[in-house]
Structure formats: structure tokens, C-alpha cells
Amino acid sequence: AQTVTQSQPEMSVQEAETVTLSCTYDTSENNYYLFWYKQPPSRQMILVIRQEAYKQQNATENRFSVNFQKAAKSFSLKISDSQLGDTAMYFCAFSNFGNEKLTFGTGTRLTIIP
Amino acid sequence: DAGVIQSPRHEVTEMGQEVTLRCKPISGHDYLFWYRQTMMRGLELLIYFNNNVPIDDSGMPEDRFSAKMPNASFSTLKIQPSEPRDSAVYFCASSLFSEAFFGQGTRLTVV
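So, here is what we can say about the structure in this document. (Residues numbered from 1 in each chain as written. Chains lettered and ligands numbered in written order. Predicted model: local features only at pLDDT ≥ 70, side-chain atom pairs only at ≥ 80, totals over all residues. Heavy atoms only, no water.)

## Overview of the pairing of strand β9 (residues 88-96) of chain B
Residues and elements named next belong to chain B. Selection rule: Exposure is judged per residue with a 1.4 Å probe applied to protein chains only, and the accessible area is read against the type maximum: over 50% gives exposed, under 20% gives buried, and values in between give partly exposed. For helices the rule is a DSSP run of H or I covering at least 4 residues; for strands it is a run of E covering at least 2, with both sets numbered from the N terminus onward. Strand pairing follows a simple DSSP-based rule, namely that at least 2 bridges must link the two strands.
Across the nine residues of β9, eight count as buried, placing the element largely inside the fold. Bridge count for strand β4 (residues 31-38) against β9 is seven bridges, and the pairing is antiparallel. Note on β9: the bridge partner recorded for Y31 is S95. In this sheet, strand β11 (residues 106-110) lies alongside β9 in antiparallel orientation, the contact comprising three bridges. Note on β11: the bridge partner recorded for V89 is R107. Pairing between β9 and strand β10 (residues 99-102): four bridges, direction antiparallel. Residue L96 lies in a different strand from β10, and its bridge partner there is E99. Following β9, the chain reverses through two residues before pairing antiparallel with β10; F97 in that reversal takes a positive phi of roughly 55°.

This is how it looks when you write it as C-alpha cells:
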């Protein structure tokens, strides 16, 4: 069974700074997907970024980028120029290729300080 | 598309009552998932469907929980009888090509 571990329960950073959230996972599969979801106080789960394991290039979406290290089974999220609206719970998630169910980590609560 | 639509947004019920949560997935999506979120257990997958067929219900906690997907545009999650420990936020999500979108969730409180 796949597992996803987020070892940072809480983080805080000053507005405009850069922050990196950590995620490790365990799987015996070679083809899979990794995701970061954001859950603001409104509780809506919002897809932030997605990475296909077969792609060596790290995914980026505006201020959000990932550092995907397949051999180390590591998938960190970097938020640049952090904004107050980035305050939320962030969940790392995994799904196998061909099976779309998601396995989530326990989340990191990120607070952006004005 | 309006996204995944769940109803109700909030539900407060008494222990022993039947509760039905509803979900309308995004049109064209072929997977539908029901998740439960609690402080103690985080996000748990309860059941998921592929093309309206239940694929894996191993996450359904007890026989009190049941889920149906009678057609591609509607699914229900039913709890009968409800218990206080069922209090949680229940999310429905749908996906296509491994990209899942979530509804806004139903906050269930059983008193």
C-alpha cells in the first residue's frame, strides 16, 4: 500500500518570503502521479499542482513549483513570493497510474504573516 | 461547468436518524470518490466509482454506511443509523485523466 508522509504539521513565514513544504511517499510502482492540494479556511480542496512520475522536469504553476526526487521518493512544494491568501492547509497526495484514487498525507498548516 | 456540487453544505441530525448526502460530479468525469475528513484521521477514502460502478468500498467504516451512483450525474452517501462519531466533513470528488476536483463538502454533526 502507498503511504504519504508530511513531517511538518505547521509552518509560518512572512509575506513575500519563500517557503518549502516537504512530502515523502512510499510505493513500489514506477508510474504514478503526485499532487499538492490547498485547503483554505473555506474548506474547499483546491488542486495546486500535479507531477507525473515519468516526467523528469519539475512542474511549475506561477508562484508554485515542486522539487520531485523520484529516487528519494520526495516531492516538496515551493511557494515563492508568499501572499496572505496562501494561508491554508496543504496536502500532498499520490495516485497510481491507471487507478485514480488519492492517498493523502496528514497535511501542513501554513500561515503567512503580514 | 459549475464544478462538483454537494448538498447539503451543513447537516445537523440526532443520533439514530438517517442521513443522506448528495453529489453531482463534473459532467464527463468517469471517477467519483467519497472522502471523509476528521481531525483525528485526516482525509479517508470511503468508496469510489468508475463509470457508475463501485470499485472499492473497503474504506466504508461499517454497514451503516452505503453509497450509490444510479447514473453518471448523481451519487448519494447514506448513513443509517447515524452516530456522534460520524460527525465529520464529507467530500465528494470527481476526476478525469487523474485530475480530481472536489466539492465544497458537507459538514455533518450528529448530536
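## Some words on the pattern of salt bridges
Rules: The term salt bridge refers to a pairing of a side-chain nitrogen on Lys or Arg with a carboxyl oxygen on Asp or Glu at a separation within 4 Å.
Evaluation of the coordinates by the stated rule reveals 14 salt bridges over all chains. Across the pair R63 of chain A and D86 of chain A runs a salt bridge, and its minimum N-O distance is 2.8 Å. Note that R63 of chain A is positioned in the loop between β7 (60-61) and β8 (64-69) and D86 of chain A in the loop between β9 (74-79) and β10 (88-96), a separation of 23 residues in sequence. By the burial criterion, R63 of chain A is buried, and D86 of chain A matches it. Here R64 of chain B and D86 of chain B are joined by a salt bridge, their closest N and O atoms 2.7 Å apart. Note that R64 of chain B is positioned in the loop between β6 (53-56) and β7 (65-71) and D86 of chain B in the loop between β8 (74-79) and β9, a separation of 22 residues in sequence.

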